[in-house]
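Chain residues, written in single-letter form:
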Amino acid sequence: MKKFGLKSYVTKPETNPYAGKIICGHCNKPYIRKTWKSGHSLRKVWQCQERYRIKGIEGCSNQNIDESSISRAYDYVYEEIINRKDDYIKNCVTLRSELLNWLDIMERTLYNNF
Ligand SMILES: [Zn+2]
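Because the structure is a prediction, the values reported are computed rather than measured.

Enquirer: Break down the overall build of the protein for me, citing the residues and quoting the values.
Expert: A tally of regular secondary structure across the protein gives two helices and three strands. The N-to-C order of helical and strand elements in the protein reads β-β-β-α-α. Within the protein, the fraction of its 114 residues that count as buried is 5%. Put simply, of all contacts in the protein between residues at least 6 apart along the chain, 26% involve residues at least 24 apart.

What follows is the structure, encoded as structure tokens:
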């Protein structure tokens, strides 16, 4: 949290699910959501918080991201995780087994040496 200058993890996760989760690749600061009026509709756009830190002066030049693009990417990744869940579980079981074997070896080594 401190690494990215966040004051809290999530504010209103039900209405702002990406808050504190999008970090700028240029300056390492969080993105914040802005609502832009586009014609008669409102458009939610994420922008690096350093973009206009000083009023009227452009700071970080990293690009803005439409919230709809973030939602599509999130849905894609979520679906990939669900589709591969059996592989992930299998890998976790294998890692757990290997870790337990190593702990057993370490315990026997310590027991035999002391
Ligand atoms: Zn930035």
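Picking up where we left off.
Enquirer: Kindly report on the sheet that holds strand E3 (residues 65–66), identifying the contributing residues and their values.
Expert: Pairing is antiparallel in the open sheet, where three strands are placed in the order E1-E2-E3. For this open sheet the edge positions go to strand E1 (31–38) and E3, each flanked by a neighbour on one side alone. Inspection of the sheet shows E1 paired to strand E2 (residues 41–48) by eight bridges, in the antiparallel sense. Paired with Thr35 across the bridge in E2 is Lys44.

Enquirer: Before we move on, can you summarise helix H2 (residues 85–113) with the specific residues and values?
Expert: Between its first and last C-alpha, H2 extends 42 Å over 29 residues, near the 42 Å set by a 1.5 Å rise per residue. Among the 29 residues of H2, zero are classified as buried, and the element is accordingly described as predominantly exposed.

Enquirer: With reference to specific residues and values, describe the pairing of E2.
Expert: Here E1 folds back onto E2 in antiparallel fashion, the turn holding two residues, of which Gly39 has a positive phi close to 65°. Two strands pair when backbone bridges link them, and E2 and E3 are joined in this way by two bridges, in the antiparallel orientation. Looking at the pairing, Val45 lines up with Asp66 of E3.

Enquirer: An account of the confidence of the model for the protein is needed here, citing residue identities and associated values.
Expert: Confidence in the prediction for the protein averages 89 pLDDT; 89% of positions are at 70 or higher. For the protein, the element scoring lowest by mean pLDDT is E1, at 92; E3 scores highest, at 96.

Enquirer: Which residues make up helix H1 (residues 67–83), and what values go with them?
Expert: An ideal rise of 1.5 Å per residue puts 24 Å on 17 residues; H1 measures up with 24 Å between its terminal C-alpha atoms. Counting buried positions over the 17 residues of H1 gives zero, only a small fraction of the element.

Conventions we followed
Residues numbered from 1 in each chain as written. Predicted model: local features only at pLDDT ≥ 70, side-chain atom pairs only at ≥ 80, totals over all residues. Helix = DSSP H or I, 4+ residues; strand = E, 2+ residues; numbered from the N terminus. Buried ≥ 20, exposed ≤ 12 C-beta atoms within 10 Å, placed from the backbone. Contact = placed C-beta atoms within 7 Å. Pairing = 2+ DSSP bridges. Expected span 1.5 Å × (residues − 1). pLDDT = per-residue confidence, 0-100.

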